[in-house]
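The primary structure of each chain is shown beneath.
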Amino acid sequence: MSQAATGEVSPQATAEPLLRATDIRQHFPVRRGFFKPNAYVKAVNGVSFDLMEGETFGLVGESGCGKSTLGRTLLRLIEPTDGACYYRNKNIFETSQAEFGKYRRELQMVFQDPYSSLNPKMRVGSILEEAMAIHGIGSRRERTDRVIDLLETVGLSSEHYFRFPHEFSGGQRQRINLARALSLTPKVVVCDETVSALDVSIQAQVLNLMKRIRKEFNLSYLFISHDLGVVKYISDRIGVMYLGNLVEVATAEELFEAPKHPYTQALISALPKTNPRVEKQRIKLTGEVPSPLDPPSGCCFHTRCPHAMDICRKVVPEPRTISGTHKTACHLYEESV
Amino acid sequence: MTDTTQTPKELKAAENRLKREQRSLMIRRFMANRLAVCGLGLTVVICLIAFLGPLITQHEPLKVNPIDRLKPPSREHWMGTDNFGRDIYVRVLYGTRASLLIGFSVALLSSVIGVTIGLYSAYFKPLDHLLMRITDGLMAFPAILLAISVIAVFGPTTQNVILTLVVVYTPLIARVVRSNALVVKEQPYIEALHALGSSTTRIIWRHIFPNTVSSLIVQASFVFAVSIITEAMLSFLGVGIPAPHPSLGNILYDGKNVITSAWWMTVFPGAIIIGIVLGQNILGDGLRDFLDPHTNKAVSKR
């Protein structure tokens, strides 16, 4: 079954998760030839996690590990191959597209590229009103009023209403993207590399804005990024993905203080030292990430793992709880259960 | 900005002001584009001549006058007379009208159909295979041959000529629109619309279509010019506008036998055809530069 860690345990263990993803798989067929059977790129290969209300769940991993695909799959921008996603205890993967339209209001997304995610031929006001028009919210005047409110909420002003997207900087556009997502008063916002196209000082501004908005609108974020620093700054809990699998889930402090999975350890050891006097052991991984077309048997990380054992090559590790909020999928922690 | 709270009324006023400004800016930008202005000027002049010209003469396009056969241009007959003694000037103008009507109808109809086909086949993959194979098939035929065979079946009337030319030139427009739409469809802002829960119709017509308009206009002006040439060819071959009614093509055909003795029967309709097509092509190139500033200038390409 799943070789992924589940993050079912949360700070408030009693609360129901707002969004529960179980064993999500997203496989893309690749045609190899007329007579050969299709191969499958296993972009997401059985990922399960919980998103609590008001929480930010960070998702880190290197390029191509399937984190963006996972985000898109959750919002059904790509139809999932397998798995279930429960939003308020309703499996949104089983609803029809028409029925899913209702959930779209509550599940929104902010995209990676601030330059191409806004229609260049439309004014910012129309772009923002579009979302509400689609769902038939309010009259035209009400929508205009709301858009102006939203522009102010995200740190822009009403004078920006008539501008075109190309008149804005990357950071401002990302604010517009955020405003568009907010215009439908969502509950969950999937942020797909939202700040990675911005430079560092602007990243901080946008991140602070997002933190503020989360409180104001009582949102939950699924924050996808490859930048460990950014994820550490904004997330309550962090999931680490490798080759389509979630290998470790922990609270932000736990993950950075005491990473358990060898991959996470390597990732965190690669962070630049903030204090030059502290001696730090760098873990250097050798080799390349295996192709998701043909993932390794057993543990997906065994080809590069410094602690690989025989069992790793044969048996898929089950996610294990290390401590209350810390889970990892690794055979090294077999005994510690 | 000091005042950040604007009432909807102020906003409306601001929007109108902005629209006005934008319009005047667009006109100025268009006027700066000499190519487009020349093409538009030529087209407008020919249209004016075609529709106002017949008013200042007494002659009828179908009136036969055997005594005045093959008269050279004179004060009475500005462009001379043909082999039935009909006034060439009036006939050329009526023929131009017919040509413009056909060109316009074909450009309009094939744009409407071509845009629909192009947009939907770009958006729906299975439909794409079907529709694009059909357009491939249509494009494989030489336009004239296809047109002749269709008219041979349905008979030579003006409507049939228009319908035939629409069939022949719709694929050209569908192709261009489709290739543009395919690019736009993959843009993240289209995916963002999916995430917002937008309907397919809305995405196609409100978001993909506006991004294909510039190349559509250029292609439509090309279709306009080409269908006028094709109509003249069809009429010349005797399968276009039926005989007694004037068309640039059949005036040329009538003039063919007397080309050595009565040059005026060939020169004037020929000049008008050149004028219309030249005007349309220049306008098309100019519009391309105007609407799509990122591509290379049409002039520098030559």
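You'll find the structure just up there.
Predicted model, so just to flag it, every value in this text is computed and none were measured.

Sorry if this is basic, but what is going on with the overall build of chain A here?
Counting its regular elements, chain A contains ten helices and twelve strands. Since a compact globule built from 337 residues should have a radius of gyration of about 20 Å, the 21 Å found for chain A is in line with a globular shape. Counting only C-alpha atoms, chain A reaches 65 × 60 × 45 Å along its principal axes. Going through the 337 residues of chain A one by one, you find that 55% of them count as buried. Considering only residue pairs separated by 6 or more positions, chain A has 64% of its internal contacts joining residues 24 or more positions apart. On chain A, roughly 14600 Å² of surface is accessible, and the fraction owed to carbon and sulfur atoms is 50%. Computing the positive centroid from 42 side-chain charges and the negative centroid from 38, chain A places the two 3 Å apart.

Explanation requested: the interface of chain B and chain A in the structure shown.
It is common to give the size of an interface as the accessible area that goes away when the parts come together. Listed as interface residues are 27 residues of chain B and, on the opposing side, 33 residues of chain A. If you sort the residues of chain B by the area they bury against chain A, Y189, A195 and L196 of chain B come out on top, with a joint share of 24%. Applying the counting criterion to the chain B and chain A interface returns three salt bridges. At the boundary of chain B and chain A, one finds ten residue pairs in polar contact (both at pLDDT 80 or more). Within the residue set of the side of chain B that touches chain A, elements represented by two or more residues are α1 (8-32), α7 (188-196) and α8 (200-208) of chain B. Looking at the side of chain B that touches chain A, the element that brings in the most residues is α7 of chain B, giving eight residues.

Looking at this structure, I do not really get the side chain of D82 of chain B. What am I missing?
All names here are of chain B. When you line up the elements, D82 lands in the loop between α2 (34-52) and α3 (88-123). At 2.8 Å, the side chain of D82 and the backbone nitrogen of R86 are in polar contact. Setting aside anything within four residues of it in sequence, one finds D82 in contact with R69, L70, I88, R91 and M265.

Sorry if this is basic, but what is going on with unusual backbone geometry here?
Residue and element names in this part refer to chain A. The phi dihedral of R76 falls on the positive side, at around 60°, and the residue is not glycine. Within the secondary structure, R76 sits in the loop between α1 (67-74) and β4 (82-87). Note on R76: relative accessible area 6%, which makes it buried. Phi at R88 takes a positive value of approximately 50°, unusual for a residue other than glycine. Examined against the element boundaries, R88 turns out to sit in the loop between β4 and β5 (90-91).

Please clarify how helix α5 (residues 170-182) of chain A should be interpreted in this entry.
Since the α-helix advances by 3.6 residues per turn, residues separated by three or four positions end up pointing in the same direction. All names here are of chain A. Along its 13 residues, α5 runs 18 Å from first to last C-alpha, staying within 8% of the 18 Å computed at 1.5 Å per residue. Where burial is concerned, most of α5 is hidden: twelve out of the 13 residues are buried. Those residues of α5 lying buried are G170, G171, R173, Q174, R175, I176, N177, L178, A179, R180, A181 and L182.

What's the story with the side chain of Q26 of chain A in this structure? I'm lost.
Residue and element names in this part refer to chain A. Note on placement: Q26 falls in strand β1 (residues 19-30). From its side chain, Q26 meets the backbone oxygen of E79 in a polar contact 3.1 Å long. Only 3.4 Å separates the side chain of Q26 from the side chain of T81, close enough to count as a polar contact. Those residues in contact with Q26 that sit more than four places away from it in its chain are V41, K42, A43, V44, T69, T73, I78, E79, P80 and T81.

Quick notes on the rules
Residues numbered from 1 in each chain as written. Chains lettered and ligands numbered in written order. Predicted model: local features only at pLDDT ≥ 70, side-chain atom pairs only at ≥ 80, totals over all residues. Heavy atoms only, no water. Helix = DSSP H or I, 4+ residues; strand = E, 2+ residues; numbered from the N terminus. Rg over C-alpha atoms; globule rule 2.2 N^0.38 Å. Buried < 20%, exposed > 50% of the residue type's maximum accessible area, 1.4 Å probe, protein only. Contact = heavy atoms within 4.5 Å. Areas by Shrake-Rupley, 256 points an atom, 1.4 Å probe, with all protein chains shown as cover. Lys, Arg positive; Asp, Glu negative; His and termini not counted. Charge placed at Lys NZ, Arg CZ, Asp CG, Glu CD. Buried area = accessible area lost by both parts, 1.4 Å probe. Salt bridge = Lys/Arg side-chain N within 4 Å of Asp/Glu carboxyl O. Polar contact = N/O pair within 3.5 Å; in protein donor to acceptor, adjacent residues only side chain to side chain. Expected span 1.5 Å × (residues − 1).

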